[in-house]
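# Examination of the molecular architecture
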Amino acid sequence: MSGLSRDEVAHVAHLARLHLSEDELTTFTEQLGQVLAHAADLQSLDLTGVPPTAHPFDLRNVVRPDVVGESLDPAEVLAEAPDAEDGRFAVPRILGEDL
Amino acid sequence: MTAGWEMVVGLEVHTELRTATKLFCSCANEFGAAPNTHVCPVCLGLPGSLPVLNERAVEMAMSIGFALHCTVAPSTFHRKNYFYPDMPKNFQISQYDLPINSSGYLDLPDGSRVGIERAHLEEDTGKSTHLGTSGRLHGAQRSLVDYNRAGVPLVEIVSAPDIRSAAQARLYVAELRRVLIATGASDGRMEEGSLRVDANVSVRRPGEPFGTRCEIKNLNSLRSLQRAIDYEADRQIELIEDGGAVRQETRHWDETTGVTSTMRVKEEAEDYRYFREPDLVDLAPDEAWRDRVAAALPPMPGVRRTALLQHLEDPTDAQRESVEVVLDLDLDRYVHGAAEAGLDAATALARTANEVAAAEEGAERLTVEAFVGTLRLEASGQLSATQAKTVLADLLAEGGAPEDVVARRGFTQLASDALGGVVDEVIAANGDEWARYRDGDDKLAQFFIGQVMARTRGQANGKAVVEILRSRRG
Amino acid sequence: MNAIDLAARVRRGEVTASTALAESLSAIDARNDELNVFLHVDRDGAEARARAVDDAVAAGRDPGPLAGVPVALKDNLCTRGVPTTASSRILEGWRPPYTATVVERLVAAGAVPVGKTNLDEFAMGSSTETSAFGPTRNPLDPERVPGGSSGGSAASVAAGMASLALGSDTGGSIRQPAALCGIVGVKPTYGLVSRYGLIAFASSLDQIGPFARSVADAALCLEVIAGHDPRDTTSLPEPAPSLVSHLDDGVAGRRVGLVSELVEGADADVVAQVERAAAALEAAGARVVRLSIPELRLGLSAYYLIAPAEASSNLARYDGVRYGRRVAADELGAMNEATRTLGFGDEVKRRIMLGTYALSAGYYDAYYGQALKVRTRMIEAFRQAYEQVDLLLGATAPSVAFRFGEKTANPLAMYLSDVFTIPTNLAGEAAVSVPFGTGAAGLPIGVQLLGPGRSEARLLAAARVLEVAS
Ligand SMILES: [Zn+2]
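Residues numbered from 1 in each chain as written. Chains lettered and ligands numbered in written order. Predicted model: local features only at pLDDT ≥ 70, side-chain atom pairs only at ≥ 80, totals over all residues. Heavy atoms only, no water.

## Quick notes on the overall build of chain A
We count it as follows: The secondary structure listing takes helices from DSSP runs of H or I that are at least 4 residues long and strands from runs of E that are at least 2 residues long, numbered from the N terminus. We take the radius of gyration over the C-alpha atoms and set the globule estimate at 2.2 Å times the residue count to the 0.38 power. Note on exposure labels: buried denotes an accessible area under 20% of the residue type's maximum, exposed denotes more than 50%, and partly exposed covers the range between, all computed with a 1.4 Å probe on protein chains only. All accessible-area figures derive from a Shrake-Rupley calculation using a 1.4 Å probe, and residue coverage is judged against the displayed protein chains alone.
Helix and strand counts for chain A stand at four helices and three strands. Listed by position from the N terminus, the elements making up chain A come as α-α-α-β-α-β-β. In terms of overall size, chain A is more extended than a compact globule, its C-alpha atoms giving a radius of gyration of 23 Å where 99 residues would be expected to give roughly 13 Å. Taking the principal axes of the C-alpha coordinates as reference, chain A spans close to 55 × 45 × 30 Å. Considering chain A as a whole, with its 99 residues, one finds that 40% of them fall into the buried category. Total accessible area on chain A is roughly 5,100 Å²; 52% of this is exposed by carbon and sulfur atoms.

## As for the overall build of chain B
Basically, it comes down to this: Note on contacts: a residue pair is in contact if any heavy atoms of the two residues lie within 4.5 Å.
In terms of regular secondary structure, chain B is built from 15 helices and 15 strands. Taken over the C-alpha trace, chain B has a radius of gyration of 30 Å; the compact-globule value for 474 residues is 23 Å, which it surpasses by more than 25%. Looking at chain B as a whole, 54% of its 474 residues qualify as buried. Relative to all contacts within chain B whose residues are 6 or more apart in sequence, the contacts with residues 24 or more apart total 69%.

## Considerations on the packing of aromatic side chains
Any two aromatic rings considered together are summarised by their centre-to-centre distance and by the angle between their planes. Formally: Here is the rule: rings of Phe, Tyr and Trp (six-membered ring for Trp) pair when centre to centre is within 6.5 Å. Planes less than 30 degrees apart are stacked, more than 60 are edge-to-face, and the remainder are tilted. The criterion for a charge sitting over a ring is simple: Lys NZ or Arg CZ within 6 Å of the ring centre, and within 35 degrees of the ring normal.
Taken as a whole and assessed by the stated rule, the structure comprises 24 aromatic pairs over all chains. Consider the rings of C:Tyr357 and C:Tyr367, whose centres lie 5.7 Å apart with planes at 50 degrees: the pair is tilted. In this pair, C:Tyr357 sits in helix H11 (residues 346-359) while C:Tyr367 sits in helix H12 (residues 365-388), placing the two residues ten residues apart along the sequence. In this structure C:Tyr367 comes out as buried when scored by relative accessible area, which is 0%. Three or more aromatic residues joined by ring pairs make a cluster, and in this case those are C:Trp94, C:Phe122, C:Tyr318, C:Tyr323 and C:Phe344. Of note, C:Arg454 hangs over the ring of A:Phe57, and the distance from its end group to the ring centre comes to 5.8 Å.

## Here's the deal with the interface of chain B and chain A
Interfaces are often sized by the accessible area lost when the parts come together. In plain terms, the rule: A pair is scored as a salt bridge if a Lys or Arg side-chain nitrogen falls within 4 Å of a carboxyl oxygen belonging to Asp or Glu. For this scheme, ten residues count as nonpolar: Ala, Val, Leu, Ile, Met, Phe, Trp, Tyr, Cys and Pro. Four count as charged, namely Asp, Glu, Lys and Arg, and the remainder, Gly too, count as polar. Two strands pair under a simple rule: DSSP has to find at least two bridges between them.
Counting residues at the interface gives 58 residues for chain B, matched by 38 residues for chain A. Along the contact surface separating chain B from chain A lie three salt bridges. The residue B:Arg142 makes a salt bridge to A:Glu85 at a minimum N-O spacing of 2.8 Å. Here the element with the most residues in the side of chain B that touches chain A is strand S9 (residues 142-146) of chain B; it accounts for five residues. Considered class by class, the residues forming the side of chain B that touches chain A number 32 nonpolar, 14 polar and twelve charged. Strand direction decides the pairing type here: strand S1 (residues 63-64) of chain A and strand S2 (residues 53-54) of chain B, joined by two bridges, are parallel. Paired with A:Val63 across the bridge in S2(B) is B:Leu53.

## Overview of the packing of helix H2 (residues 166-183) of chain B against helix H5 (residues 301-309) of chain B
All names here are of chain B. Quick reminder of the rule: In this description, a line fitted to the C-alpha atoms serves as the axis of each element, helices being fitted only across the stretch in contact, and the angle between N-to-C directions of two axes falls anywhere from 0 to 180 degrees. With respect to orientation, any angle under 35 degrees is reported as roughly parallel, any angle over 145 as roughly antiparallel, any angle of 65 to 115 as roughly perpendicular, and every other angle as oblique.
The geometry of H2 relative to H5 is characterised by a closest axis approach of 9 Å and an angle of 105 degrees between their N-to-C directions. When the axes of H2 and H5 are compared, the pair comes out roughly perpendicular. When H2 is examined against H5, the residues Glu175, Arg178, Val179 and Ala182 are found in contact with a partner set consisting of Pro301, Gly302 and Arg305. In terms of residue class, the contact of H2 with H5 is built from three nonpolar, one polar and three charged.

## Considering the sheet that holds strand S13 (residues 249-254) of chain B
Residue and element names in this part refer to chain B. The nine strands are arranged S3-S6-S7-S10-S1-S11-S12-S13-S14 in an open sheet whose pairing can be described as mixed. Either end of the sheet is taken by a strand with one partner, and the two such strands are strand S3 (71-72) and strand S14 (259-265). Sheet strands in contact with helix H1 (residues 55-67) are strand S1 (6-16), S3, strand S6 (101-107), strand S7 (113-123) and strand S10 (153-159), and its direction is about 20 degrees off that of S10. Where helix H3 (residues 222-241) meets the sheet, it contacts S1, strand S11 (195-204), strand S12 (214-219), S13 and S14, and its direction lies at approximately 25 degrees from that of S11.

## Points about the side chain of B:Thr183
All names here are of chain B. Worth spelling out the cut-off: For the purposes of these results, a polar contact is taken to be a pair of N or O atoms within 3.5 Å, where, inside protein, one atom must be able to donate a hydrogen and its partner to accept one; residues adjacent in sequence count only when each atom of the pair is a side-chain atom.
Looking at the element boundaries, threonine 183 is found in helix H2. Threonine 183 sits in the buried class, given a relative accessible area of 12%. Engagement of the side chain of threonine 183 in a polar contact is seen with the backbone oxygen of leucine 180, the distance being 2.7 Å. A polar contact of 3.1 Å, which involves the side chain of threonine 183, links it to the backbone nitrogen of alanine 185. If near-sequence neighbours (up to four positions away) are discounted, threonine 183 is found in contact with Ser63, Ile64, Ala67, Leu297 and Met300.

## A look at the coordination of the zinc ion
All names here are of chain B. This is how it is decided: Excluding water, the donors of a metal are its N, O and S neighbours within 2.8 Å, or within 3.2 Å for Na, K and Ca, and that exclusion means sites may look incomplete. Here a site with four donors is tetrahedral if all angles are between 85 and 135 degrees, and a site with four or six donors is square planar or octahedral if opposite donors are over 155 degrees apart and the other angles are between 65 and 115; anything else gets the irregular label.
For the zinc ion, the protein coordination sphere consists of Cys25 (SG), Cys27 (SG), Cys40 (SG) and Cys43 (SG), at 2.3 Å. Its four donor atoms give the zinc ion angles of 100 to 117 degrees at the centre, a pattern that matches the tetrahedral case. When the donors of the zinc ion are listed by position in the chain, the intervening gaps give C-x1-C-x12-C-x2-C. In this pair, cysteine 27 is assigned in the loop between S1 and S2 and cysteine 40 in the loop between S1 and S2, connecting sequence segments 13 residues apart. Since its relative accessible area comes to 0%, cysteine 27 is described here as buried. Taking relative accessible area as the criterion, cysteine 40 reaches 8% and is therefore assigned buried.

Now the structure itself:
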């Protein structure tokens, strides 16, 4: 399962909001293909019935009490924003949805 | 609904939970604060921050699960990945294959039952304001984002596609809203966006498999919900009858024009890359915790409705409506108190749904004992209906005991002796009418009651007057 | 000077924290331009802290177990008001409004953070060459890499610029640079040290740990930073373990497994030192057995699916909206894309794309899902091994420090630098790299001791045996 195509890499780049030049697309397709080819050893394993591990430890029900704590100073937060207006974070117009 | 067609509706209801803090951080969960004043590293998704689950939000989610007869089971959190500026991490922490609540149902007042597929916990997004000519996203030059709402706890309640009419959809949301309010998990305010509804609508000819569905957004009231679903079903039927096909898409309801329009077409490219949230651990409430939450749950509207209706024999539509008023205002105790005291439940229901319901916060002053006492005085003929209403109004305004109000208002006189005298005077003054009544014309009783009322300035009891008239007739 | 001795002398008033800091700063001034160890030196902040420590001593208050000890912080640890970049252009100029738990704990113990050290961008790399701000040079041979991703932190301790440093280890990022720089590095049990304030690479694998010039210093530093933190859900529920008091426990009677898969493919000089370490442990009373854990061979493949998958999601937040850099565009999607395209380096892009692919519809089961099952296998294999032995022994890295550019052309070759360290991260267990002898070009070699979760005291006692024997 290492037949990673250029189109797939382009699609993945789009999902990840990355722009690739044609040259980069070629290089990345090749490099990612190599890594996935190395991962092919996993595909050949029969792991039916083996449960997945998403967490090294079996901790459960870790919760905190519903008590209000301190929030940040909005001035300090907005000072880090690339663009802000009227106490809010500003972004350029949003395309792709007619809402 | 066009003949020969059936609509199939499933609803997704998002309800904000009334916790003190957000789902994964200790910022206040408060509507209407100045922008970006309830934000911290966690809900702003700052690098290095980590979520910690709010215990109360879990309990509220479990309450909703129990109230909807769900299986409340061990669950996990997943990340739903997509880019959107309202979402500080560009993923939403939600529940995926193992939601906290699954497989429940909600019984509606019309006797129908709607399945609940799941009711899971997730975090809310921030809120954008779109600057530009229209104030809407389309055509805006710039958007401003406030993250106060980002991370507010939500429970998303997904119904089965069991709903078959817009009216039933409305009934479902109204009943669900009552249930959510009853659990204490939600304030149910649709206008503030703390309860939000998306509708999945498709049409089919009865017996055929489900058709292609469209998801309708922006349903901000029960009225828009009903109108939008009806519009959308008609649109789809017309489309199919004209030889077209429904395209799976998200549609936007416009309340002013009364139409739905395409918002975005579901691409196959939509790929949320769900995976287990590695910063959180399994949520597996044990028996004791679940029992504690279940035990703290008040009776649900469905149970209360049944209890109220069973006092009535063959309730009328008006009485059913009164029951809903009593449920919404939490006034059940008056009706039950009167019925248990052997008084007429219909009268108790009417007085509760009208007089008691009309008095703002009056129920805080009116004890069940005082309410029952007033109705008892009315039933025994010691108070006329008008007097009883006056007494209730005073009790609602000032509290106290009905006997005191009766004394203060001077409603105590006109015991039968005094009333007998008045009746005799009226008979003497209206010989012709008396003769006809004596000969069996019962309709004239109303005439005499009117006369007696006039002479007593309304303080006589109608029933008592009739009894005296009958005794004089011999 | 060692941290333990320095802190003891500061607490006794024999030396001031300010003097210790001045020495640290002059070491930085002497070589930082050449080695590119620190991205930011927080002179004012450090001087204020040192004065506070000295004031406490003068007033008769105990400033804590790390009194006056200059520490270096990997620049993926958030420090309030102090630039924090994760060595990425996308965070250039960002000043976090909060401080990582570990840094708070260091400061509370009297330590003096001197600055932020260079790393591979977002900790993705094994040589510090992927840093957007240039590579760090190995203080022992500036023509060679210090290892990575915590190369700056390792170099700071090796060059005497700080007595202690913190790094983060996702697949070997503390142990491998410790080995290449000739110092001690600890990758603690997952959950032992709070991750709150650590800029995430792969959340289920990341763990913060110390660099030190001695095992005892590493133990003391770990004691200070470990222990439950309510701000990290995955933090173990118990307080910090007692480590310093067990340093001289030795290895008498301990069973040590020399794992063939943990030396397989390593250079001969490295293998020779691991054998010599086995002999040293035996001489100290341990019983060394040779064993094979074939599942460890699957580690690299599983890691390069799991870590990028988590990273692809963790790094989605860098979009130019709330903090860090923005590359302007007239529309949101274009702005997000331009910001990320110019803000991230190639290695970060590679891993984001790899992870996005591994999680995407249609490939999840074959890649990510399968990798999670391999992880289960790995945990089980370690568990079985620890039924036979108390500790495992192997190499930390396949070779001594390599030259710049040697592995940058081929990502897979670079990834292989972590082949011996990755299994511990996948299992969430503990491991230590301790310098043991030298190899090619007289460069240091690190040997790795591995133990089950919460075995830090046992591991550090064994590391101490090797430290004394080397
Ligand atoms: Zn917050």
